[in-house]
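Overview (structure and organization)
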Amino acid sequence: MFNRFLRESKWASGVLVFLRLYLGWTWLTSGLGKVTGEFSAGGFLQAAVANPVVKGEEVVYPFYVSFLENVALPYEGLFSTVVAWGEILVGLGLILGFLTTAAAFFGILMNLSFLLAGTVSVNPIMIVLGFIILVAGINAGRFGLDRFIQPIIKRKINKKDKHMDRLDTRPTGHPA
């Protein structure tokens, strides 16, 4: 019932605008601070590897520590750029209501990455807000650019589906 309200109600889409603006502004200002400053993810990555999340004496997320050690740290410059610009793009997507669900998804993904590295901060709150926007789907961008973009995307997808149907030359009733 609540899911249907989030996905279909104009009232919900109005409330979602405020959630989008708050969350988008948080992402945008964080990313702009990184792009305009001397941001490097290297120190954060090294600290996450040196001080992983532990329970007792055991590392809770050994797969993530291994990822940071073997993938992220060797390409720290690339990860710094991806994080900074990713935050800006997520922020702009949420503020403008442009590819809103994709922006919410990638925001949640970044928040989860920060949590796995042991940074709690506002990440749980941002995950909850992002999840609400994600569950709302297209309705979250109703009062934004998605109102104009989503019909175009749907037409393109339907056009490809019709084209693929014409390419399917199997006789009907014949097993694939």
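In short, a report on the structure.

Definitions and limits used
Residues numbered from 1 in each chain as written. Predicted model: local features only at pLDDT ≥ 70, side-chain atom pairs only at ≥ 80, totals over all residues. Heavy atoms only, no water. Core = buried A, V, L, I, M, F, W, Y, C linked by side-chain atoms within 4.5 Å. Buried < 20%, exposed > 50% of the residue type's maximum accessible area, 1.4 Å probe, protein only. Helix = DSSP H or I, 4+ residues; strand = E, 2+ residues; numbered from the N terminus. Contact = heavy atoms within 4.5 Å. 1 Å grid on protein atoms, 1.4 Å probe; cavity = no way out; pocket = protein on both sides within 12 Å on 5 of 7 lines; lining within 4 Å. Points joined across faces, edges and corners; volume = space filled by probe spheres on them. Nonpolar A, V, L, I, M, F, W, Y, C, P; charged D, E, K, R; others polar. Polar contact = N/O pair within 3.5 Å; in protein donor to acceptor, adjacent residues only side chain to side chain. Salt bridge = Lys/Arg side-chain N within 4 Å of Asp/Glu carboxyl O. Patch = residues over 30% accessible without salt bridge, like charges linked within 9 Å, V, L, I, M, F, W, Y side chains within 5 Å. Areas by Shrake-Rupley, 256 points an atom, 1.4 Å probe, with all protein chains shown as cover. Lys, Arg positive; Asp, Glu negative; His and termini not counted. Charge placed at Lys NZ, Arg CZ, Asp CG, Glu CD.

Here we look at the nonpolar core
Judged by nonpolar contacts, the single largest core of 16 residues is most densely connected at L16, L23, W27, L94 and I133. Sorting the residues of this core by element identifies α2 (10-36), α5 (76-96), α6 (100-116) and α7 (123-136) as the ones contributing at least two each. Ranked by size, the runner-up nonpolar core spans nine residues in total, among them A48, V49, Y64 and V65.

Remarks on the environment of G93
Mapping G93 onto the fold places it in helix α5. Judged by relative accessible area, G93 falls into the buried class, the value being 5%. Setting aside anything within four residues of it in sequence, one finds G93 in contact with F98, T100 and A103.

Remarks on empty space enclosed by the protein
Per the stated rule, a full pass over the model turns up one cavity of 30 Å³ or more. Here the largest cavity defines a volume of roughly 30 Å³. Lining the largest cavity, in full, are L23, W27, V90, L94, A103, A104, G107, I108, N111, M126 and G130. Listed by contribution, the elements that provide at least two residues to the lining of the largest cavity are α2, α5, α6 and α7. Broken down by element, the residue count for the lining of the largest cavity peaks at five residues, all from α6. Residues of the lining of the largest cavity, tallied by class, amount to eight nonpolar, three polar and no charged.

As for the environment of S80
Turning to its location among the elements, S80 is positioned in helix α5. Take S80: its relative accessible area is 7%, and that puts it in the buried class. Distance from S80 to A41, taken between C-alpha atoms, is 5.0 Å for residues 39 residues apart in sequence. If sequence neighbours within four positions are ignored, S80 has contacts with F39, S40, A41 and G42. A polar side-chain atom of S80 sits 2.8 Å from the main-chain amide nitrogen of A41.

A word on the layout of surface pockets
Computed from the structure, the largest pocket encloses a volume of approximately 720 Å³. Every residue lining the largest pocket is counted, 37 residues in all, and those nearest its centre are W27, V83, E87, M110 and F114. Mapped by element, the contributors of at least two residues to the lining of the largest pocket are α2, α3 (42-50), α4 (62-72), α5, α6 and α7. A total of ten residues in the lining of the largest pocket trace back to one element, the largest contributor, which is α5. Considered class by class, the residues forming the lining of the largest pocket number 26 nonpolar, nine polar and two charged.

Examining the pattern of salt bridges
If you walk through the whole model with that rule in mind, you get two salt bridges. The salt bridge partner of R4 is E8, with a shortest N-O separation of 3.1 Å. Taken together, the positions of R4 and E8, both in helix α1 (residues 2-8) and four residues apart, correspond to about one turn of that helix. The class of E8 is partly exposed, set by a relative accessible area of 48%.

As for a positive patch on the surface
Judged by side-chain charge, R155, K156, K159 and K160 come together as a positively charged surface patch. Tracing the chain through its elements places K160 in helix α8 (residues 146-167).

A short note on the side chain of T100
Assignment of secondary structure puts T100 in helix α6. A distance of 3.3 Å separates a polar side-chain atom of T100 from the backbone oxygen of G97. If sequence neighbours within four positions are ignored, T100 has contacts with R20, G93, L94, I133, A140, G141 and D146.

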